[in-house]
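Now for the letters of each chain:
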Amino acid sequence: MRVLLLLLLILAPLQARAQTLTVFAAASLTDAMKDISALWVKAGHPAPRTSFDSSSTLARQIEQGAPVNVFASADEKWMDYLAKANLIAPDTRRDLLGNDLVLIVPATHPVHLDIGSGFDLSALLGPSGRLSTGDPAHVPAGIYAEQALRKLGLWDKLSPHLAAAPDVRSALLLVERGEAPAGIVYRTDAAVSKAVAVAGVFPDNSHDPITYPFAVTKAGDTQEARAFLAFLSTPEARAVWVKRGFKVE
C-alpha cells in the first residue's frame, strides 16, 4: 500500500505536466492570448505555457521539434509552411481573426494622414528618420507593410530607411522609445500602447488580407489541445478578441 501511494504521488505531477498545454502564438496576440488563458484556467484547466514571437521564428522552432500543442500564426504563409512539412493536424486548422495595418507615431507628436495615392511618408520621417516595422524578409507585419508600400509606390524610396524589427512588438517599441518617428504595425498593437498614436490606416486593398490561422500540431495533438482550440471560439474568448481590437471571423 505504501509503495502504491508513493507511485501515485510521483505520477500525479507527471500527469499534471502532461496535461499542461504549450501554445506558440504570434507576438501581436500576446495580450489577448494571456487574457483568454486566464479564462481557460478559470474554467478549471491548468495554465498553458505560452510563447510569443514572430510567426516565422515560432514555425521554425516547431519544425525543429519544439514540443508545442497549438500554433497561432499572424499570416497564412507560416501555417502553410508547417502544413507542407506535415507538422499540423489539418482538420484543426481554422482562420479565427483579422486585423488592420496602421501607421503609428509617438503620442507626443500626433498627426493624421490619409494613406492613399500621393501619400508622402518621407516628409514624416525627415532626412534621417527610420520607419519601424517587422522584418519584411520573414515577419508577417513587415511582409504586409512591404506589400502596402509597394502598392502605394513608396517601397523603393523608403526601403533604405527601414528599421527592420524581429517581430511586430519590437517595431512598436522603437516608436514608443522615440527611436523611430513612425512605424507600421497592427491596429491591435497600437491599441495596447499609450506611447503611440495611430496616424493612419492602410487601405485593405494595399496588402493581402491579414488573417490569423490557428491549428493543433501533429506532435501535440491531444484532446486537451483540441479543447483549447475550440475554447478560442467561445463567446467568452470572442469577447476578449473584440475588446483587444481584432476582427473575429
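Residues numbered from 1 in each chain as written. Predicted model: local features only at pLDDT ≥ 70, side-chain atom pairs only at ≥ 80, totals over all residues. Heavy atoms only, no water.

Q: Which parts of the structure should I look at to understand the nonpolar core?
A: Generally speaking, nonpolar side chains in soluble globular proteins are found buried as a group. Of all hydrophobic cores here, the largest spans 64 residues; its most connected members are L29, L103, L131, F214 and W241. Here L131 is in contact with L103, L121, L125, L149, L158, H161, L162, A163, A182, G183 and I184, once residues within four sequence places are set aside. Counting residues in hydrophobic clusters, the runner-up holds eleven residues, among them L58, W78, M79 and A215. (Core = buried A, V, L, I, M, F, W, Y, C linked by side-chain atoms within 4.5 Å. Buried < 20%, exposed > 50% of the residue type's maximum accessible area, 1.4 Å probe, protein only. Contact = heavy atoms within 4.5 Å.)

Q: So what exactly am I meant to see when it comes to the packing of aromatic side chains here?
A: A ring pair, where both rings are aromatic, is described by two values, the distance of the centres and the angle of the planes. Applying the stated criterion to the full structure yields eight aromatic pairs. When the ring of W40 is compared with that of F231, the centres are 5.3 Å apart and the planes differ by 65°; the resulting orientation is edge-to-face. Residue W40 is located in helix 2 (residues 30–42), and its partner F231 is located in helix 10 (residues 223–231); the two are separated by 191 residues in the primary sequence. With respect to class, W40 is no different from F231; both count as buried. (Phe/Tyr/Trp six-rings, centres within 6.5 Å; stacked < 30°, edge-to-face > 60°. Helix = DSSP H or I, 4+ residues; strand = E, 2+ residues; numbered from the N terminus.)

Q: Whenever I open this one, the sheet that holds strand 8 (residues 182–186) confuses me. Can you help?
A: Hydrogen bonding along the main chain pairs the strands of a sheet, whether they run parallel or antiparallel. Pairing is mixed in the open sheet, where five strands are placed in the order 7-6-8-5-9. The sheet is open, and its two borders are formed by strand 7 (162–165) and strand 9 (196–201), each paired with just one other strand. Sheet twist, expressed as the mean angle between neighbouring strand axes with direction ignored, is 35°. In this structure, strand 6 (residues 131–134) lies alongside strand 8, joined through two bridges in parallel fashion. (Pairing = 2+ DSSP bridges. Axes fitted to C-alpha atoms, helices over the stretch in contact; angles between N-to-C directions.)

Q: Would you take a moment to explain the packing of helix 3 (residues 55–63) against helix 4 (residues 76–84) for this structure?
A: Put simply, helix 3 and helix 4 touch, their axes get as near as 9 Å, and they point 10° apart. Here helix 3 is positioned roughly parallel relative to helix 4, judged by the angle of their axes. The segment helix 3 lies against helix 4, with S55, S56, A59, R60, I62 and E63 engaging W78, Y81 and L82. For the contact of helix 3 with helix 4, the per-class residue count stands at five nonpolar, two polar and two charged. (Parallel < 35°, antiparallel > 145°, perpendicular 65-115°, else oblique. Nonpolar A, V, L, I, M, F, W, Y, C, P; charged D, E, K, R; others polar.)

Q: Sorry if this is basic, but what is going on with the side chain of S56 here?
A: Within the secondary structure, S56 sits in helix 3. Side chain to side chain, S56 and S54 meet in a polar contact 2.8 Å long. With residues near it in sequence (within four places) discarded, S56 still touches W78, H138 and V139. (Polar contact = N/O pair within 3.5 Å; in protein donor to acceptor, adjacent residues only side chain to side chain.)

Q: Explain unusual backbone geometry to me, please; I cannot follow it from the model alone.
A: Apart from glycine, the bulk of residues carry a negative phi angle, and the bulk of peptide bonds sit in the trans form. Look at N86: it is not a glycine, yet its phi comes out positive at around 60°. If you trace the backbone, N86 turns up in the loop between helix 4 and strand 4 (94–98).

Q: Explain the packing of helix 2 against helix 11 (residues 235–243) here, please?
A: Relative orientation and spacing of two packed helices are given, respectively, by the angle between their axes and the distance between those axes. The N-to-C vectors of helix 2 and helix 11 enclose an angle of 155°; their axes lie 9 Å apart at closest approach. The orientation of helix 2 relative to helix 11 falls into the category roughly antiparallel. Between helix 2 and helix 11 the crossing geometry is right-handed. Taking contact as the criterion, the partners of A32, M33, D35, I36 and L39 in helix 2 are, on helix 11, E236, A237, V240 and W241. For the contact of helix 2 with helix 11, the per-class residue count stands at seven nonpolar, no polar and two charged. (Left-handed = near helix turned anticlockwise from the far one by under 90°.)

Q: It is not clear to me how the environment of V168 should be interpreted in this structure. Could you clarify?
A: Examined against the element boundaries, V168 turns out to sit in helix 8 (residues 168–176). Residues V168 and G134, spaced 34 residues apart in sequence, show a C-alpha to C-alpha distance of 5.2 Å. For V168, the contacting residues outside a window of four places in its chain are A27, S28, V139, A141, V185, Y186 and D189.

Q: Can you walk me through the sheet that holds strand 11 (residues 247–248) in this structure?
A: Reading across from one edge, 2-1-3-10-4-11 is the order of the six strands in this open sheet, with mixed pairing throughout. Of all strands in the sheet, those with a lone pairing partner are strand 2 (49–53) and strand 11, marking the two edges. Relative to strand 10 (residues 211–216), strand 4 runs antiparallel, the two being bridged by four bridges. Bridge pairing in strand 10 links D95 to P213. In the packing of helix 3 onto the sheet, the strands contacted are strand 1 (22–26), strand 2 and strand 3 (70–72), and the crossing angle to strand 1 comes to about 145°.

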